[in-house]
Amino acid sequence: MTYYKEHSKVWVSVDVIIFGFDEDKLKILIGRRQMDPGRGEWSLYGGFVNDHEGIDDAAGRVLQELTGMRKIYMRQVGAYGAVDRDPGERVISIAYYALINVRDYDEALRREHGVEWVDINKIPELYSDHNKMVGDALKKMRQKIRVEPISFRLLPPLFTLTQLQHLYEAVMGEDVDKRNFRKRIKEMDFIEKTELIDKASSKRGAALYRFNRRAYNEDPNFKL
């Protein structure tokens, strides 16, 4: 038996905003659209939800296709369903944002998909409502970074406090007081100082730190 025949059908897609941090800049992955309508326009990477696939599964599949990576931090941004958002068909899109370490992303795979890392402050006009998706994702990430240590998803396993500060400034879009920031960071037991030194950043070298997830799980009062 077929149900709901009296109702119109719509297409459901997912779009993924992939954030990365490189050269002290917050960046996202975008590429030229490879299909009509909008062929050649700058766009986020996405795809349609398959018949036997949940929306989270579809987003995970699209993310893995693009990056070749599994177990990536990913959160839903929201649904976008304006009647005229897609000139081809009536398409409702569910947007997600994901965080990856740029250095973990295979350059050959990036070139294969024809995508580029673009500074969050220099994003061109994107297809349909993709600029709004990016803006909404950035707002959600800014809210989340204050109460959950998601910034470590964008950093290498070992990092300097300067790198961490620059990342936080890039995400929040504002400068922070270096002394107060470092004081707050050093009060967090789950950010561990190691015995290793990064000699590439300065002549004296800078101490390298790492994120201790076990210690974080024991600290329910985290707030940056």
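Residues numbered from 1 in each chain as written. Predicted model: local features only at pLDDT ≥ 70, side-chain atom pairs only at ≥ 80, totals over all residues. Heavy atoms only, no water.

> How do you make sense of a nonpolar patch on the surface when you look at a structure like this?
On the surface, a cluster of nonpolar side chains totalling about 500 Å² of accessible area is made up of Met1, Tyr3 and Tyr4. Checked against the element boundaries, Tyr3 lands in the segment before strand S1 (11–22). Overall, the relative accessible area of 56% leaves Tyr3 in the exposed class. (Patch = residues over 30% accessible without salt bridge, like charges linked within 9 Å, V, L, I, M, F, W, Y side chains within 5 Å. Areas by Shrake-Rupley, 256 points an atom, 1.4 Å probe, with all protein chains shown as cover. Salt bridge = Lys/Arg side-chain N within 4 Å of Asp/Glu carboxyl O. Helix = DSSP H or I, 4+ residues; strand = E, 2+ residues; numbered from the N terminus. Buried < 20%, exposed > 50% of the residue type's maximum accessible area, 1.4 Å probe, protein only.)

> It is not clear to me how the side chain of Thr67 should be interpreted in this structure. Could you clarify?
Topologically, Thr67 is positioned in helix H1 (residues 55–67). Residue classification places Thr67 among the buried positions, given a relative accessible area of 3%. Engagement of the side chain of Thr67 in a polar contact is seen with the backbone oxygen of Leu63, the distance being 2.8 Å. For Thr67, the residues in contact, after removing those within four places along its chain, are Ile18, Ile72, Ile100, Tyr105 and Leu109. (Polar contact = N/O pair within 3.5 Å; in protein donor to acceptor, adjacent residues only side chain to side chain. Contact = heavy atoms within 4.5 Å.)

> Got a minute to help me understand the packing of aromatic side chains in this structure?
Aromatic rings considered in pairs are described by the distance between their centres and by the relative angle of their planes. Tallying each qualifying case throughout the model produces nine aromatic pairs. Aromatic pair Tyr3 and Tyr4: ring centres 6.2 Å apart, planes at 50°, arrangement tilted. Classification of Tyr4 as exposed rests on a relative accessible area of 64%. In this structure an aromatic cluster arises from ring pairing among Phe152, Phe159, Phe190 and Phe211. Here the guanidinium or amino end of Arg33 rests over the ring plane of Tyr127, the centre of that ring lying 4.0 Å away. (Phe/Tyr/Trp six-rings, centres within 6.5 Å; stacked < 30°, edge-to-face > 60°. Lys NZ or Arg CZ within 6 Å of the ring centre and 35° of its normal.)

> Can you walk me through the pairing of S1 in this structure?
Successive residues of a regular strand alternate their side chains across the two faces of the sheet. With ten of twelve residues buried, S1 lies mostly within the body of the structure. As paired elements, S1 and strand S6 (residues 91–99) share nine bridges and run parallel to each other. Directly across from Val12, in S6, lies its bridge partner Ile92. Judged from the four bridges that link them, S1 and strand S4 (residues 45–48) form a sheet pairing that is antiparallel. In the strand pairing of S4, Asp15 is matched with Gly46. Linkage of S1 to strand S2 (residues 25–32), two consecutive antiparallel strands, is achieved through a turn of two residues, within which Glu23 is found at a positive phi near 55°. (Pairing = 2+ DSSP bridges.)

> How should the pattern of salt bridges be read in this particular structure?
For side chains bearing opposite charge, pairing can occur when the charged atoms are close. Under the criterion given, the structure shown has twelve salt bridges. Its salt-bridge partner being Asp36, residue Arg39 comes within 3.4 Å of it at the nearest N-O pair. An identical accessibility class is assigned to Arg39 and Asp36; each is exposed. One network of salt bridges, in which partners are shared, links Glu53, Arg61 and Glu65.

Take it as geometry only, folks, not as evidence of what the structure does.
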